[in-house]
Amino acid sequence: MSDLSDLYQEVILDHNRRPRNFHALEGASHSAEGYNPLCGDRLTLYLKLNGDTIEEVSFEGAGCAISKASASMMTDALKGRSVGEASALFDRFHRMVTTPPSEPVEDLGKLSALAGVREFPVRVKCASLAWHTLRAALNRERRTSTE
Amino acid sequence: MERSEQRSASVVEAPSAKLDVARIRADFPILARTVNGKPLVYLDNAATSQKPRVVLDAIASYYTGINANVHRGVHELSGRATDAYEGARERIRRFFNARSVREIVYTRNATEGINLVAYSFVRPRLRTDDEVLITAMEHHSNIVPWQIVAEGTGAKVKVAPVDDRGELQLDAFERLLTPRTKIAAVTHMSNALGTITPVAEIVRMAHARGVPVLIDASQAAYHMRIDVQGLDCDFLVATGHKLYGPTGIGILYGKEARLDAMPPFMGGGDMISSVTFERSTWNELPYKFEAGTPHIAGAIGLHAALDYIETVGFEAIGAHERELLGYGTEIIESIEGVRLIGTARNKASILSFVMDGVHPHDIGTIVDREGVAIRTGHHCAQPVMERFGVPATARASLAMYNTREELDALGRALRKVREVFA
């Protein structure tokens, strides 16, 4: 049986309590809203690109600990990355949270704290909401939904 | 079905005033299982209730003994299946005290019943600026169908407010009844708050202004006796799977004169006229609203479920559930940082709550690890969440088989949530 502490790791609880980059972003070049209709989690993601580089990234919204921590950790991970790198990171993150718990996954540094959601299939959407919203923002879609 | 005579016999036993919860639990096979290594504590009854063995047996014995299509053939099994299916309709009539089986229409669920009334009864009568009156604590199923029919006609959906306790503001409701109101569609009991609405008074107020009333009894029907003649409502909907019966079977009650004047809903009429030697039967109520092969096993399972409820008795069920609600309220209120949403003076079986600093979804996951099943989210009642300024709530909902020990387990699980998020 999976342990709760796999899901609610200290780093996740910390990001939930004190989310990083948790504000609107003036002069954002890209933004999108993400919505998980299952639980009502809702967030707005802001990006400021300088050429191909993500110079600033922030988010606002309300959601469960997993979705909030995931958004917070994602914004930390994206700063300074190119759009191509961000897009590749989306794929790697998505693979990590959807790989069956019995199989090994790539080490994604701090983001690996979220690998625990694999043990809780109904919570995978919580962890991936921010990332789907990132992709929508980069594709210039206003809204995305986990459904 | 031979079984039905036995069931009827058991119903006439005088219901005991005190409910023997251990005996009841033994009738529900699923309650013996474990979840995540812990005994199942099932507190998501407002979403769907568990099924007693008599319901499962009734469905199995239909399929193993008399499976055939109804109202069709002259062969033995078809006759027996039809008797069982129509016997269930008579059982439902008695359960809700309708005047005639012609007033009992089988549906898939309460949602389909509301849609049937919206499309067949209300839509043809709606003109621009007409109104449909609902309340601020309706389930989405009693909001969206009205929006759809209103949109096509230029009519409006009006909403009677609820106060901070979650009680319907009856004076405001009354003021919203106007000559333009074509129907008032009101829940009997809120699935998100537990509030019981004063439906008899609502019907009286509406009828005084010539407004027909639909009552959504989905939540109320498994907690308290409902008498459609006593209420004098025009329509009432309920769903089988909350009444300890199977999914996929629901009930629409409609006054015969109302149903008679309504066109068919599902286009069964065309099909009916082609079966010429059965035409006269099919054109009658309630069959004109039952196009296609129905959920025969579902009706038979629901029959057994209603027998079961009445054998236990609403008096005993109500007393037990009230006692549990009081105890559960104390438990919830004893947890640090927890606030109940929905504190109506007249409420039943629902403990909807939020916890400071913890999203309901996280509460749901953590208590699930302790074997405790609760619902988290907006409960298909987003406007209620908005009214109370919360994105979602956690909800424990009670049924006749729940125990004080299970509420203790909920309390322990909620303290665990506090520990994780300390």
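Along each chain, the written sequence defines residue order, and numbers are assigned to residues from 1. For naming, the first written chain is A and the first written ligand is 1, with later ones following in the order written. Whole-chain, interface and lining totals are the exception, using all residues; otherwise, since this is a predicted model, local features are given only for residues with pLDDT of at least 70 and side-chain atom pairs are given and counted only at 80 or more.

1. A short note on the overall build of chain B
Right, on to step 1. Helices and strands together make up the secondary structure of chain B, namely 17 helices and 15 strands.
Right, on to step 2. Against the 2.2 N^0.38 benchmark of 22 Å for 422 residues, chain B shows a C-alpha radius of gyration of 22 Å, consistent with a compact globule.
Right, on to step 3. Its C-alpha atoms give chain B principal-axis dimensions of roughly 70 × 55 × 35 Å.
Right, on to step 4. Relative to its 422 residues, chain B shows a buried fraction of 50%.
Right, on to step 5. Contact between residues is assigned whenever the C-beta positions, reconstructed from backbone atoms, fall within 7 Å. Counting contacts in chain B only where the partners sit at least 6 residues apart, residues at least 24 apart contribute 73% of the total. Secondary structure counts use DSSP, requiring at least four H or I residues in a row for a helix and at least two E residues in a row for a strand, with both numbered from the N terminus. What the globule rule says is 2.2 Å times the number of residues to the power 0.38, and the radius of gyration is computed from C-alpha atoms. Any residue whose C-beta has 12 or fewer other C-beta atoms within 10 Å is treated as exposed, any with 20 or more as buried, and any in between as partly exposed, C-beta atoms being built from the backbone.

2. Some thoughts on the overall build of chain A
Right, on to step 1. A count of helices and strands for chain A gives five helices and four strands.
Right, on to step 2. Its helices and strands in sequence order give chain A the pattern α-α-β-β-β-α-α-α-β, from N to C terminus.
Right, on to step 3. For 147 residues, the compact-globule formula gives about 15 Å, and the C-alpha radius of gyration of chain A, at 14 Å, lands near that figure.
Right, on to step 4. Counting only residues that meet the buried cut, chain A has 42% of its 147 residues in that class.
Right, on to step 5. A sequence separation of at least 24 residues applies to 62% of the contacts in chain A between residues at least 6 apart.

3. Quick word on the pairing of strand β5 (residues 131-135) of chain B
Residue and element names in this part refer to chain B.
Right, on to step 1. Along β5, five of the five residues are buried, which leaves the element largely enclosed by surrounding structure.
Right, on to step 2. On β5, burial covers both faces: E131, L133 and T135 on one face and V132 and I134 on the other are all buried.
Right, on to step 3. At least two bridges found by DSSP between two strands is the condition for calling them paired. Strand direction decides the pairing type here: β5 and strand β7 (residues 181-187), joined by three bridges, are parallel. Looking across to β7, one finds that E131 is bridged to T181.
Right, on to step 4. Sheet topology places β5 next to strand β6 (residues 156-160); five bridges connect them, and they run parallel. Each residue of the ladder has a partner; that of E131, found in β6, is K156.
Right, on to step 5. Between β5 and its parallel partner β6, the chain crosses via helix α6 (residues 144-151), and the hand of that crossover is right-handed. When the strands point away from the viewer and the path from the first strand over the helix to the second turns clockwise, the crossover is right-handed.

4. Topic: the packing of helix α15 (residues 360-369) of chain B against helix α17 (residues 404-420) of chain B
All names here are of chain B.
Right, on to step 1. As a packed pair, α15 and α17 sit with axes 9 Å apart at the nearest point and diverge in direction by 120 degrees. One way to sum up the angle between α15 and α17 is to call them oblique. When you trace α15 past α17, the crossing you get is right-handed. For the pair α15 and α17, the contacting residues are I363, I366 and V367 in the first and L410, A413, L414, K416, V417 and V420 in the second. Here an axis means a line fitted to C-alpha atoms, over the contact stretch when the element is a helix, while the angle between two N-to-C directions is reported on a 0 to 180 degree scale. When an angle is under 35 degrees it counts as roughly parallel; over 145 it counts as roughly antiparallel; between 65 and 115 it counts as roughly perpendicular; any other value is oblique. Crossings are assigned a handedness: left-handed for a near helix turned anticlockwise from the far helix by less than a right angle, right-handed for a clockwise turn.

5. Re helix α2 (residues 10-17) of chain A
All names here are of chain A.
Right, on to step 1. I12, H15 and N16 are the residues of α2 that are buried. Down the axis of α2, the buried set is contained in an arc of 105 degrees. They therefore lie on one face.
Right, on to step 2. Where α2 is buried, its residues touch α3 (65-78). In this description, the arc belongs to the directions extending from the helix axis to the C-beta atoms.

6. Some remarks on the sheet that holds β5(B)
All names here are of chain B.
Right, on to step 1. An order of β4-β10-β9-β8-β7-β5-β6 is seen for the seven strands of this open sheet, with the pairing classed as mixed. Lying at the two open borders of the sheet, with one neighbouring strand each, are β4 (104-107) and β6. The mean angle between the axes of side-by-side strands here comes to 20 degrees, regardless of whether they run parallel or antiparallel.
Right, on to step 2. Here three bridges tie strand β8 (residues 213-216) to strand β9 (residues 235-239), and the two strands are oriented parallel to one another. Bridging across to β9, I215 finds its partner in L236.
Right, on to step 3. Running over the sheet, helix α4 (residues 76-96) touches β4, β9 and β10 (250-254) and is turned about 115 degrees from β4.

7. Topic: the interface of chain A and chain B
Right, on to step 1. Opposite the 15 residues of chain A that make contact, chain B presents 15 residues.
Right, on to step 2. Gly is placed with the polar residues, together with every amino acid not listed as nonpolar (Ala, Val, Leu, Ile, Met, Phe, Trp, Tyr, Cys and Pro) or charged (Asp, Glu, Lys and Arg). Considering only residue class, the side of chain A that touches chain B consists of 12 nonpolar, two polar and one charged.

8. Overview of unusual backbone geometry
Residue and element names in this part refer to chain B.
Right, on to step 1. In the segment running from L285 into P286, the intervening peptide bond is cis, with an omega of 0 degrees.
Right, on to step 2. Looking at the secondary structure, you find P286 in the loop between α12 (279-282) and α13 (296-312).
Right, on to step 3. You will see that S349, though not glycine, has its phi angle at about 60 degrees, which is positive.
Right, on to step 4. Structurally, the position occupied by S349 is in the loop between β11 (338-340) and β12 (350-355).
Right, on to step 5. One non-glycine residue, H379, adopts positive backbone phi at about 60 degrees.

9. Side note on α6(B)
Residue and element names in this part refer to chain B.
Right, on to step 1. Turning to α6, its buried residues are P145, W146, V149 and A150. Down the axis of α6, the sector holding all buried residues measures 130 degrees, keeping them to one side.
Right, on to step 2. Buried residues in α6 make contact with α5 (110-122), β5, β6 and β7.

10. A few points about the domain arrangement of chain B
Residue and element names in this part refer to chain B.
Right, on to step 1. With domains assigned, chain B is organised as domain 1 (38-51 + 314-420) and domain 2 (76-309).
Right, on to step 2. Each of domain 1 and domain 2 has a C-alpha centre, and the two are 28 Å apart.
Right, on to step 3. The interface is formed by 25 residues belonging to domain 1 together with 24 residues belonging to domain 2.
Right, on to step 4. The set of elements that each furnish at least two residues to the side of domain 1 that touches domain 2 consists of α14 (314-333), β12 and α16 (382-387). Throughout, the edges of the domains are those of an automatic or database domain assignment.

11. Considerations on the nonpolar core
Residues and elements named next belong to chain B.
Right, on to step 1. The nonpolar core criterion groups buried Ala, Val, Leu, Ile, Met, Phe, Trp, Tyr and Cys residues into a set whenever they are joined through C-beta atoms within 7 Å. A184, V213, L236, I300 and L410 are the most contacted members of the largest nonpolar core, which has 168 residues in total.
Right, on to step 2. Top contributing element to this core by residue count: α13, with 11 residues.
Right, on to step 3. Shared between two domains, this core holds at least three residues of each, these being domain 1 (38-51 + 314-420) and domain 2 (76-309).
Right, on to step 4. Excluding residues that lie within four positions of it along the chain, L236 makes contacts with F96, I215, A217, V228 and Y253.

12. Things to note about the environment of A:E85
Right, on to step 1. Looking at the element boundaries, A:E85 is found in helix α4 (residues 83-98).
Right, on to step 2. The exposure class of A:E85 is partly exposed, given the 15 C-beta atoms found within 10 Å.

13. With respect to the sheet that holds strand β15 (residues 393-397) of chain B
Residue and element names in this part refer to chain B.
Right, on to step 1. What the four strands build is an open sheet, ordered β11-β12-β15-β14; its pairing is antiparallel. If you trace the sheet from one side to the other, it starts and ends with β11 and β14 (375-377), each paired once. This sheet shows a mean twist of 30 degrees between the axes of neighbouring strands, independent of strand direction.
Right, on to step 2. Taken strand by strand, α14 contacts β11, β12 and β15, and its axis lies near 145 degrees from that of β11.

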